Structure formats: C-alpha cells, structure tokens
Amino acid sequence: MGRIPHRPGSPWTGILLAASVLGSCLQPAPAQTPVTTTPPSTVQIRSPTSPVLSTVDLHVSEILPKPTVTPGQIQVLENWTFTLTCNGSPSADTVLWLRDEVSLVPSERLVLSSDNRTLTVMGVTRGDAGAYQCEVGNPVSTNRSEPSTVTLAYGPDSTRIDPPGPINLTFGSLLTLTCVADSVPAPSYRWVLNGTDTKETRSSLTFNLTTWAQQGTYECRAHNPVTGRTAWASVAVRVTGTDSRCRNETPRENGAPVPVYVNQSITAWTGPVAQPENPPDPSPMYQTLEPREPDVYEELN
C-alpha cells in the first residue's frame, strides 16, 4: 500500500511505496534509482546493474478538494421529501453526511445512495431543518463542504392575543394588543373588530380608548402564505366611564347664555273664509313666548 500527495497536472512527489515486486532475481537498487510511473497504478523499476524490468503495484491518493452540496439552500413543507447531493472528487474513499455538525445515521426516513453521495430525507419533520454538510475522505486527507441550509415552512397551528381577555378598562386608558403565532415564514396579520376589518396589518395594536365604538371583540388572524394555513384568536374589550363626546352639559356648564322664556297672552288667528255648505275650519290657538331676564330662570331653579 502506498500513499502519495498529488496535485492534478503536477508531477508525482513524495512517493511512498509499499509494493510487492512481481518478478525474480531483482538486485538491490542503489539510491536514486530512476522510477517511471505509468498511470494510474503501476511503476516499472529498472536496475542499472540488472537487465530485469520489474513491475510493482502502486496506490496513489490525492489531497481532496472541498466538496459542495446542492442545492445550497432549500425550503420544504412538513411531510415532504427533499434530496441533497455531495459533489466532490470521485477518488474519495468515504462520504459522510452531517446536520448541525452531528453525523447522520441512515434510517427509514434518511436514505443514502450506494456511494453515499446522495441524501434523501422523507416525511420531513421540524427537527429535519438545519445546516447540512458532506465530508469526503481518503487515507491522506479529509475535507468538508460549506453548509446547505434546509428550512421548514410550517404553521401557524394556533395563535393567541396578549393580554388575554376579558379586558376591562376605563375611557382614556392606553391598550396594546399583541398577536402571537408560531410560523415559518412569519405570517401576515389582520385585525377585526366586531366583524369589521380594521385594515391594521401589524402584529400589535396600540391605541387610547376614547369612544364606545372601540369596545367589543377584537380578533387577530395570522396567515402563512407558503403553507396556506390561517389561525385566529379573539379577546373581549369592555370600556367603563363616560364618553367625552356624549356628555350632556347645561348652558351654564359650557358658558353659553341662559335663555329664559315666559308665556304671553293667548291670541287667535282666523283661517280662510268658509265656503257654502262647508263648515268653517276651526281657528288654531297658540301662545307667544318671549325671552325674559335671567333672574326668572334663577327663581325657577
């Protein structure tokens, strides 16, 4: 068995031979005996003191270049199947696969090709996501690829709103609602109040409670565009106190003049003249109201 580091396109150097000589009567060769290589695995040795040409077995190993894994990154869904390929020198004796720096063991779900250069993962679970690498080796060198990133698209399975309900606050209070959903990639959000879309698309809502219209049932809907899944949660918000827009202030509270009216004498008004054979219309009666001084209002109170 012999080992030799070799660079493609350059002469063989540093030859280490462990050879069984085929032939007989081979005389000991002096130092610097000329050696002629005949690729890929034989050498012929001729001794200057003997006419015998002998052939020996020669095993050569190269310094392996860094392999690559294709595809370089991939996103899959749960229960799907994906395949990775290790691309490297064909002279590698071993090919190993790793995920997040840990060697993988073949199983019913992790299947390797006969030469170990292709890895197939079936029935993908969330634990299969990570950085995959292949490592090639031979008797004189090992080399490992750059990571190929596998991400798993999943969720949302459920969602929640923080803080949980029911929420009871007074008018003027500051309220923040946050929608939480476990999803890859991150989901889009919609907020609905009492069945009406609020047009809010952030994961959080922050606002002051200033009107009765802001109380009711808030619903968050989280949608993953890759998996097509949507999950939602709701919370009840109740408001207590007085809506400033609905206060019924008296004129004296808002500083307006205080109107005061008194009854005047009754007057009459005669309608159109009655026609023959038709009874006359009764005359309507009304009273005239005229403003008086504010002291009258004070006395009525």
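Since the model is a prediction, treat every value here as computed from it, not as a measurement.

1. Quick word on the environment of Trp 97
Right, on to step 1. Within the secondary structure layout, Trp 97 lies in strand β8 (residues 94-99).
Right, on to step 2. A residue is classified by how much of its surface remains accessible, and Trp 97, at 3% relative accessible area, is buried.
Right, on to step 3. It is 8.3 Å that separates the C-alpha atoms of Trp 97 and Asn 116, two residues lying 19 residues apart in sequence.

2. Considering the pairing of strand β11 (residues 118-121)
Right, on to step 1. Note: strand β7 (residues 82-87) against β11, four bridges, orientation antiparallel. Across the sheet, residue Phe 82 finds its bridge partner in β11, namely Val 121.
Right, on to step 2. In this sheet, β11 lies alongside strand β10 (residues 110-112) in antiparallel orientation, the contact comprising three bridges. Bridge pairing in β11 places Leu 110 opposite Val 121.
Right, on to step 3. Counting the residues in the hairpin turn of β10 and β11 gives five residues, including Asn 116, whose phi is positive at 65°.

3. So, the pairing of strand β20 (residues 204-208)
Regular strands have side chains that alternate between both faces of the sheet.
Right, on to step 1. Only one face of β20 is covered, namely the face carrying Leu 205 and Phe 207; the face carrying Ser 204, Thr 206 and Asn 208 is uncovered.
Right, on to step 2. Across five bridges, the pairing between strand β17 (residues 174-181) and β20 is antiparallel. Bridge pairing in β20 links Leu 177 to Leu 205.

4. Quick word on the sheet that holds strand β15 (residues 159-162)
Right, on to step 1. In spatial order, the strands read β15-β17-β20; together these three strands make up an open sheet with antiparallel pairing. In this open sheet, the two strands that pair with only one neighbour each are β15 and β20. Put simply, the sheet's adjacent strands are angled 15° from each other on average, direction ignored.

5. Structural notes on the confidence of the model for the protein chain
Right, on to step 1. Looking at the protein chain, pLDDT values average 75 and 61% of them are 70 or higher.
Right, on to step 2. Scored below 50 in pLDDT, residues 1-39 shows 65 contacts in the model against residues more than four places distant or in partner chains.
Right, on to step 3. Of the regions scoring below 50 in pLDDT, residues 295-301 engages in five contacts with residues more than four places distant in sequence or in other chains.

6. Description of the packing of aromatic side chains
Right, on to step 1. In the structure shown here, the tally under the stated rule is three aromatic pairs.
Right, on to step 2. Each ring, one from Phe 171 and one from Trp 212, has its centre 4.7 Å from the other, and the planes form 90°; the classification is edge-to-face. On the criterion of sequence distance, the pair formed by Phe 171 in the loop between β16 (167-170) and β17 and Trp 212 in the loop between β20 and β21 (216-223) is long-range, its members being 41 residues apart.
Right, on to step 3. With a relative accessible area of 36%, Trp 212 lands in the partly exposed category.
Right, on to step 4. On the numbers, 5.7 Å between centres and 25° between planes, the contact of Phe 207 with Tyr 218 is stacked. Linking Phe 207 in strand β20 with Tyr 218 in strand β21, this pair joins segments that are 11 residues apart in sequence.
Right, on to step 5. What makes Phe 207 buried here is its relative accessible area of 16%.
Right, on to step 6. Classification of Tyr 218 as buried rests on a relative accessible area of 4%.

Scoring rules and cut-offs
Residues numbered from 1 in each chain as written. Predicted model: local features only at pLDDT ≥ 70, side-chain atom pairs only at ≥ 80, totals over all residues. Heavy atoms only, no water. Helix = DSSP H or I, 4+ residues; strand = E, 2+ residues; numbered from the N terminus. Buried < 20%, exposed > 50% of the residue type's maximum accessible area, 1.4 Å probe, protein only. Pairing = 2+ DSSP bridges. Axes fitted to C-alpha atoms, helices over the stretch in contact; angles between N-to-C directions. pLDDT = per-residue confidence, 0-100. Contact = heavy atoms within 4.5 Å. Phe/Tyr/Trp six-rings, centres within 6.5 Å; stacked < 30°, edge-to-face > 60°.

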